[in-house]
Amino acid sequence: MELETPRSGAKKPSSDATRAGAGGASAGAESRWSGRGTTPETAGDDYILAKAYFDLGEYRRASHQLSENRSSLGRFLRYYALFLAGEKRKNEEALEVGGVGGTGAKDVANKELDPILFDLPIIVEDDHPDSSETCDDPFLHYLHGLCLIEKERKDEAKQALCASVRGYPCNWSAWEALMPLCSTLDEANALPLPTHWTKKWFTAALQLELQDNRKGLQAYAQLVTEIPASAIGVVQMAVGHYNMREFDRAQSIFEDVYRADPYRLEGMDTYSNILYVKESSAKLSYLAHSAVLTDKYRPETCCIVGNYYSLKAQHEKAVVYFSRALRLNWRYLSAWTLMGHEYVEMKNPAAAIDAYRHAVDINPRDYRAWYGLGQTYEILQMPYYALYYYQRATRLRPKDPRMWCAMGQCYESDQLQMTVAAIRCYQRAVTWNDMEGIALAKLAKLHRDSGNAKAAAHYYRLNLVRLENEGADTAEMVEALLYLANFYKKHERYRDAEACCMRLLDFAGPAKQDAKALLREIHNLQNVAAAAAAAGGGAGGGAGEIEEADPPMDTS
Amino acid sequence: METETLQQLRAVVEDCVGKHLTTSATFFADKLVSLGSRDPEDVYLYAQVLYEGKHYQRALTLLNREGLASRVLEGRARNSGLESATSSSACTAGKYMTEYGCDASDTRIRLTYLTAQCYAAMNKWEECLKVLGRGDLEDVEEDEEMNKKRGPCSSNLENITGDRGADIICADLANGFSTRTETHSRLRKRGSISTISALCLLRGRAYDALDNRSLARHWYVSALKADYFCYEALAALLSQHMLTVEEEQELLASLQIEPGDKWLKFVYVTMGKKYHPVNVRGIEEGEPSFCFKMLNELTTFKRRSCWTGAWYGRDKQARNHLSTRPALHKTLDFETELVALSGNGDIAQANAECLYSRGDFHGCYEIISEVLERDPFQLSAIPCFLSVAVELRRKSELYLCAQKLVEEYPDHSVSWFAVACYYYCVRQFEEARHYFCKSTALEKAFAPAWIGFGHSFAAQDESDQALVAYRTAVRMFPGCHLPLLCIGMEYQRTNNLILAEQFCVKARDICPSDPLTYNELGVLCYRNMNFVAAATNLEKALALAPQVSTDLLEISIVNLAHTHRKLRNFDAAIMWYERALSISPLSASTYTALGFTYQLRGEFQSFMGEAIDCYHKALGLSPEDSFAQEMLTLALIDQCAVTMPPYDFVSYDPYPH
């Protein structure tokens, strides 16, 4: 099963979109392709025989059967079968070398690529009347593109895939293959793509993929109104919300989808991720059971079950399920990432790194995997490595405070000790609304240690506000209050200092004593100041203006 | 006995020979000799029949008994004082002629030839030469000098035979014709092979067997010059690499081929050395490269897909194509033959060899395996098939081929060469060596086995023995560049760069079209820190290499990229590394080198991201690469130093509102 879709979901035409476009190649005007020979009846009897072999998984036999077939379908099946034969052999070899997740699995290659790449351009270019059926054949272009991607010849692959979608815009697989090749939306717009409704779906999907979630959501909202029956669009919207960490909205969409189509598995792994993050184990359990009933051996099912075990802190079992998902589909991205997370939990950094690296090899836009790599290297006390991976993650999600905090931590580490850089990272985190509050506390501490009292006070105050809102009484609060009290005292804001001290008195422990001492001091100072004011004719009041200009940031 | 009956009996004998009824033939020939009162013609026929039946000694005895052979030897003894040894047999022939008259001269020569053949068949080469006359080297040289003095156009006959003895035979033969200055082609009746040529060939074979290779070569050349239909002489010259490319070309050019046989010249040229650059711009096109171009044209239009076997193009198309090319049309007046020949086994083999020599192994394999499918025991094609199968590591095919050959031809060197190739391919070098050795023992002048023998030593780092084997090959096959190149490579491996270069240059001089040689020269220049020269050589290698993605091409590209890196042409280096990766995207060392180039190019400040990516890929493929590990750490530290999160302005407000 998975062999027909060796490039994960990427190869499988997303059923909804394709079905909706069953009208055919409406934008095929630019193509030289005649489109003949595309039905089994015209493709010849040997095609039907070969197709039967193909359906039985006898790829080489199918391919050989079609050696002399010149029809469009026949040619495509011949080379596609050969491609799959190569993939199958490659997977087998990978298993022989190192097993799933083994490091040896990477250096096996599909040995049929060279022959295919040799033949396809000749066939596609051949404008002899005898081979008019396959001249500029969009499906052959598509296959050519796939092979070129495997060979990392990305520019040529782009050309081939563009030619394919121009000839037959309703081949969603070609669009999906094109997606990882475009690193920006502008790059995609510069390609010679057809004006066709599928292009809108492509653009929307690409926006989500590039973490341009807001625009992607808008695009999908539009598309969903155009084709209301399309579950794909709805699920994609949920994914967009999930990417933006709007879990509640995403969850409600998924619940709707589940209700409408309870046996659907596509996209449900994302739903399980949401349930995992929200720790709603009952719902996750229900989802897992229903998925197992639907189809136990689908990568999505395995992933959902894995998430369930992970939430139950049964990490070994979770790993078993994730690796089963990977056996079913070697290029199943989220399973690699999640497996990495499990290995981190199991304190097995080497295995975690390997899993994450597979994930980023499959799709370098998976920020979770980059982030996971960073975390793992941090555990291994290799901050330079960790930093690099966090940089990759922040490049993908520049508005995610978690990444910035993590980066800040790296800069702080003993090996780097780049306080300034750390401060900048934390500031970024604050800018992007750090929910966990790590950044504020860290900023205050870093500024305090580097002697920038005003900045430190600024962040202590903000952190205090945050803590008040959360209603937590913690040591952090004590620290902030104490610092602020001293700061205000020093800057002769006695009333503010006093207020801080009064709040400190509510806490038990040494802080209370310190506060009492401070209060006494403040009273003394207040008295002195009052006396001085009486003597000097009220020359005070300028206490707050001592350090009006910001100290330069980079002095530390 | 009536003449008619005798005639009938002769016809019966001849028919028996034709039907391979050897015993009957012997019986009737014997009776014929008795009945026909020992007519020399009948004796000759009887001897011939005996020879066919492999009764060599009996044939000789017959000839001696009938006083035919003995007279030859007697004559030699009698005349030795007067004439040089070389001409003795011819003199006896002359003497015989005076006895039997001019008509019998032809029979006389044929008798001499048959006697010599019998000795040859019994491996009595000395005797064979005695019958034929020695034709020693001094005589040859003397002769050549004489020819020079006389000028090139003085006499064709001397040129043909280059030997006074044979010369006289020729003269005797020529008596039947009008004058001595008849062209040699007249000596041969149309539809038969000139006897002179056969005599020269036999002499060549005798010297070959006696290990006198220079004389052997001389007589083979003479045989071919005497009659260009004497293919055996050409085959011997080619298979033993006796001639250099230039000599070969000269020889083929000197053949006075009649207009009707032009196709033969094409065949000969294509079967010759494949050392001419094909499809390279800026190189003057001689006739051979033209012929190879033709070959290419023909086969591209009747060519299957390299690997998968789909036919592209048809005969009709090929013919149309040929006729629409005016340049070709002008020179070719044997177009029909050419198109007909394009499917011929020998031509296909030549084409396969041509592809092999240029490193297009897949193309070569496709063609040669098709040749062998049609004729599984076309022995001349088998070394090529085996070599290419080893290159492509097709061990099952090698095993099958070796099994078949050993079963069918257990006494043939090629069979054991095949066995050795199989063992070499599965990296069992000891066994491989054993069988290479066996192959050379069966046929000393079997070049592929000698080279394979060397390879099997080299594969196990036994340089000295490898060099010995290669050197033997160099000595035996002066026209072949491969052993020289192998010596060069072996010296290179053992860091003897000066010697290595000498040998590689020699190899290049012999074969100026092998991309591998240029690659090796490039590597040598690189190691001698002469990067400009290295780049030139490697670019040459790339220009000569086929444009199909092969390992060889990839290696040269990587080398060129290294060279550009050393020359600090980082952009070019990056471009070439990427080309290499597009051929084989799983090469860890290429990724490492590319990363390092990025690092150098950005002066350790920019392009760090690219560098780090490359190192990661390299380490993903081979985690033990310590250079990549080290450089990755450095790159990450540098990256950390050069990247800083950007500064954002924040106005501090420490006071509560």
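Residues numbered from 1 in each chain as written. Chains lettered and ligands numbered in written order. Predicted model: local features only at pLDDT ≥ 70, side-chain atom pairs only at ≥ 80, totals over all residues.

A.B. asks: Just checking my understanding: could you explain the overall build of chain B for this structure?
C.D. replies: In terms of helices and strands, chain B carries 38 helices and two strands. Across the 657 residues in chain B, those meeting the buried criterion constitute 48%. A separation threshold of at least 6 residues defines the contact pool for chain B, and within that pool the share at least 24 residues apart is 54%. (Helix = DSSP H or I, 4+ residues; strand = E, 2+ residues; numbered from the N terminus. Buried ≥ 20, exposed ≤ 12 C-beta atoms within 10 Å, placed from the backbone. Contact = placed C-beta atoms within 7 Å.)

A.B. asks: For this particular structure, what's the right way to read the overall build of chain A?
C.D. replies: In terms of regular secondary structure, chain A is built from 29 helices and zero strands. In chain A, which comprises 556 residues, the share counted as buried stands at 49%. Restricting the contact set of chain A to residue pairs at least 6 apart, pairs at least 24 apart contribute 52%.

A.B. asks: Is there a simple way to think about the nonpolar core in this case?
C.D. replies: When a protein is soluble and globular, its nonpolar side chains tend to lie buried together. Of all hydrophobic cores here, the largest spans 339 residues; its most connected members are L143 and F322 of chain A together with I368 and A418 of chain B. The residues touching F322 of chain A, leaving out its near neighbours within four places in the chain, are C302, C303, G306, A335, L338, M339 and E342 of chain A. (Core = buried A, V, L, I, M, F, W, Y, C linked by C-beta atoms within 7 Å.)

A.B. asks: Looking at this structure, I do not really get the UniProt feature "repeat: TPR" (unreviewed entry) in chain B. What am I missing?
C.D. replies: Residue and element names in this part refer to chain B. Taking the numbering used here, the UniProt-annotated feature "repeat: TPR" (unreviewed entry) corresponds to residues 447-480 and 554-587. Between the end C-alpha atoms of residues 447-480 there is a gap of 9 Å, over a span that is 76% helix and 0% strand. As annotated, residues 554-587 comprises 79% helix and 0% strand, and the C-alpha atoms at either end are separated by 10 Å. (UniProt positions renumbered as here; feature names shortened; annotations may be inferred.)

A.B. asks: Please explain the packing of helix α13 (residues 231-243) of chain A against helix α14 (residues 247-260) of chain A as it appears in this structure.
C.D. replies: For any two helices packed against each other, the geometry comes down to the angle between their axes and how far apart the axes lie. All names here are of chain A. Axis separation between α13 and α14 bottoms out at 7 Å; the angle between their running directions is 160°. By the criterion of interaxial angle, the relationship of α13 to α14 is roughly antiparallel. Viewed along their axes, α13 and α14 form a crossing whose handedness is left-handed. Each of A231, V234, V235, M237, A238, H241 and Y242 in α13 lies in contact with α14, whose residues at this interface are F247, R249, A250, I253, F254 and V257. (Axes fitted to C-alpha atoms, helices over the stretch in contact; angles between N-to-C directions. Parallel < 35°, antiparallel > 145°, perpendicular 65-115°, else oblique. Left-handed = near helix turned anticlockwise from the far one by under 90°.)

A.B. asks: I'm lost on the UniProt feature "repeat: TPR" (unreviewed entry) in chain A in this one. Help?
C.D. replies: In this numbering, the UniProt entry assigns the feature "repeat: TPR" (unreviewed entry) to residues 333-366 and 367-400 of chain A. Within residues 333-366 of chain A, the helical portion is 79% and the strand portion 0%, while the C-alpha atoms at the span's ends are 8 Å from each other.

A.B. asks: Looking at this model, I keep getting lost on the confidence of the model for chain A. Mind explaining?
C.D. replies: Atom-level detail of predicted coordinates should not be read off regions where pLDDT is low. All names here are of chain A. Taken as a whole, chain A shows an average pLDDT of 81; of its residues, 87% reach a score of 70 or greater. When the criterion is pLDDT under 50, residues 1-29 qualifies, and its contacts beyond four places in sequence or with other chains add up to 52 contacts. A low-confidence stretch, residues 100-104 (pLDDT under 50), is modelled with twelve contacts involving residues beyond four sequence positions or located in other chains. (pLDDT = per-residue confidence, 0-100.)

A.B. asks: In this structure, what is going on with helix α2 (residues 22-35) of chain B? I would like to understand it.
C.D. replies: Each α-helix turn comprises 3.6 residues. Residues three or four places apart therefore point the same way. Residue and element names in this part refer to chain B. For α2, built from 14 residues, the straight-helix expectation of 20 Å at 1.5 Å per residue is met to within 8% by its first-to-last C-alpha distance of 20 Å. The complete set of buried residues in α2 reads A25, T26, F28, A29, L32 and V33. Contact partners of the buried residues in α2: α1 (3-18) and α3 (40-52). One or two steps after α2, the chain reaches S37, where phi turns positive at roughly 45°. (Expected span 1.5 Å × (residues − 1).)

A.B. asks: For this particular structure, what's the right way to read helix α4 (residues 56-65) of chain B?
C.D. replies: All names here are of chain B. When we look at burial in α4, the residues that qualify are A59, L60, L62 and L63. Buried residues of α4, seen end-on, are gathered within an arc of 160° and therefore sit on one face of the element. Positive phi shows up at G67, right after α4, with a value of about 75°. (Arc of directions from axis to C-beta.)

A.B. asks: Explain the packing of helix α27 (residues 429-442) of chain B against helix α28 (residues 447-458) of chain B to me, please; I cannot follow it from the model alone.
C.D. replies: Residue and element names in this part refer to chain B. Contact geometry for α27 and α28: axes closest at 9 Å, N-to-C directions at 155°. Relative to α28, the element α27 lies roughly antiparallel. The two elements α27 and α28 meet at a crossing, and its hand is left-handed. Residues F429, A432, R433, F436, C437, S439 and T440 of α27 touch α28, and the partners they reach there are A449, W450, G452, F453 and S456. The class makeup of the residues in the contact of α27 with α28 is seven nonpolar, four polar and one charged. (Nonpolar A, V, L, I, M, F, W, Y, C, P; charged D, E, K, R; others polar.)

A.B. asks: Is there a simple way to think about the environment of P448 of chain B in this case?
C.D. replies: Residues and elements named next belong to chain B. Residue position: P448 is located in helix α28. Owing to 24 C-beta atoms within 10 Å, P448 belongs among the buried residues under this scheme. A sequence separation of 29 residues divides P448 from V419, and the C-alpha atoms of the two residues are 13 Å apart. When neighbours within four sequence positions are excluded, P448 is seen to be in contact with P383, S387 and F417.

A.B. asks: Can you walk me through the confidence of the model for chain B in this structure?
C.D. replies: Residue and element names in this part refer to chain B. The predicted model of chain B has a mean per-residue pLDDT of 77, with 75% of residues at 70 or higher. Predicted confidence is poor over residues 70-104, with pLDDT under 50, and the contacts of this stretch with residues over four places away or in other chains come to 66 contacts. Low pLDDT (under 50) marks residues 147-188, which in the prediction has 81 contacts with non-local residues, meaning those over four places away or in another chain. Complex prediction metrics read pTM 0.74 and ipTM 0.73.

A.B. asks: Would you explain the environment of Q314 of chain A in this entry?
C.D. replies: As for its position among the elements, Q314 of chain A is in the loop between α17 (299-311) and α18 (315-328). A C-alpha to C-alpha distance of 9.4 Å links Q314 of chain A and E342 of chain A, two positions 28 residues apart in sequence.

A.B. asks: Before we go on, may I ask you to explain the environment of S439 of chain B in this structure?
C.D. replies: Residues and elements named next belong to chain B. If you trace the backbone, S439 turns up in helix α27. Taking the C-alpha atoms as reference points, S439 and A418, 21 residues apart in sequence, are found 9.1 Å from one another. With residues near it in sequence (within four places) discarded, S439 still touches S413, W416, F417, A420, F446 and A449.

A.B. asks: In this structure, what is going on with unusual backbone geometry? I would like to understand it.
C.D. replies: Glycine aside, the phi torsion of most residues is negative, and most peptide linkages are trans. All names here are of chain B. Of note in this structure, D461 is not a glycine but carries a positive phi near 65°. Among the structural elements, D461 can be located in the loop between α28 and α29 (463-476). Of note in this structure, N495 is not a glycine but carries a positive phi near 65°. Its location among the elements puts N495 in the loop between α30 (482-493) and α31 (497-510).

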